[in-house]
Amino acid sequence: MAEIKLLGPADFDILNRVASDVFDDPIVVSSAQQFLNDTRHRLVVALAEDLVVGFVSAVIYLHPDKSAPELWINEIGVSPTYQQQGIGKLLLQFLLDHARQSGCREAWVLTERTNIAAMAMYRSVGGEEESPDPTMFTFPL
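Residues numbered from 1 in each chain as written. Predicted model: local features only at pLDDT ≥ 70, side-chain atom pairs only at ≥ 80, totals over all residues. Heavy atoms only, no water.

1. Some thoughts on a nonpolar patch on the surface
Rule in force here: Put simply, a patch holds well-exposed residues, over 30% relative accessible area, that have no salt bridge, with like charges counted together within 9 Å and Val, Leu, Ile, Met, Phe, Trp or Tyr side chains within 5 Å. In short, Shrake-Rupley with a 1.4 Å probe defines the accessible areas, and a residue's cover is counted only from the protein chains shown. Salt bridges are defined as contacts in which a side-chain nitrogen from Lys or Arg sits within 4 Å of a carboxyl oxygen from Asp or Glu. Strands here mean DSSP runs of E at least two residues long; helices mean DSSP runs of H or I at least four residues long; both are numbered from the N terminus.
Together, Tyr61, Trp72 and Trp108 give the surface a local cluster of nonpolar side chains, amounting to about 280 Å² of exposed area. Its place among the elements puts Trp108 in strand β5 (residues 106–108).

2. Digging into the nonpolar core
Quick note on the threshold: Residues belong to a common nonpolar core when they are buried Ala, Val, Leu, Ile, Met, Phe, Trp, Tyr or Cys residues joined through side-chain atoms within 4.5 Å. Exposure is judged per residue with a 1.4 Å probe applied to protein chains only, and the accessible area is read against the type maximum: over 50% gives exposed, under 20% gives buried, and values in between give partly exposed. We call two residues in contact when some of their heavy atoms are within 4.5 Å.
Counting residues in each nonpolar core, the largest one holds 36 residues, and the members touching the most others are Leu15, Val45 and Leu71. For this core, the secondary structure elements donating two or more residues are α1 (29–37), β2 (41–48), β3 (51–61), β4 (70–78), α2 (87–101) and α3 (116–124). Ignoring any residue separated from it by four or fewer positions in sequence, one finds Val45 in contact with Glu3, Ile4, Lys5, Leu7, Ile14, Val52, Gly54, Phe55 and Leu91.

3. So, the sheet that holds strand β1 (residues 3–6)
Just so we agree on the cut-off: At least two bridges found by DSSP between two strands are what make those strands a pair. Axis geometry follows a simple rule: fit a line to the C-alpha atoms, using only the stretch in contact for helices, then measure angles between N-to-C directions, giving values from 0 to 180 degrees.
The five strands lie next to each other as β1-β2-β3-β4-β5, forming an open sheet whose pairing is mixed. Whereas interior strands pair on both sides, the edge strands pair on one side only; in this sheet they are β1 and β5. Pairs of neighbouring strands in the sheet enclose a mean axial angle of 25°, with direction left out of account. In terms of strand pairing, β2 meets β3 through eight bridges, oriented antiparallel. Bridging from a neighbouring strand, Ala48 pairs with Leu51 of β3. Lying on the sheet, α1 is in contact with β2 and β3; it crosses β2 at an angle near 110°. Sitting on the sheet, α2 touches β1, β2, β3, β4 and β5, and the angle it makes with β4 is about 160°.

Rendered as structure tokens:
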């Protein structure tokens, strides 16, 4: 079974050993270092024999009209070789537990309804589906 680990600034070298197709693109050193140094960013990884085989990234989000921080879950990825083994669920559960301990009262994530595996995983850890479907707009800058 994979080891689940929350990465911090001292753990950057772990990102030098990533299985194929875990992240969308290759790791950008300067971006990864900035991400790990930001106290509101979270990167939890799944390690199998010192190889990153999965991850979940998130941001602890503060807002002027909220009495407690929230967790915005940005992305979850697991190498195809390691999928269907519960690694995504372990990553998400670890992150949600950490968010509770950090004072977050709510976490949220977006996915496409056609992503059946993600929908099932989010439900399996207690996620509640909201209606109507949200729509995401992208603004090229």
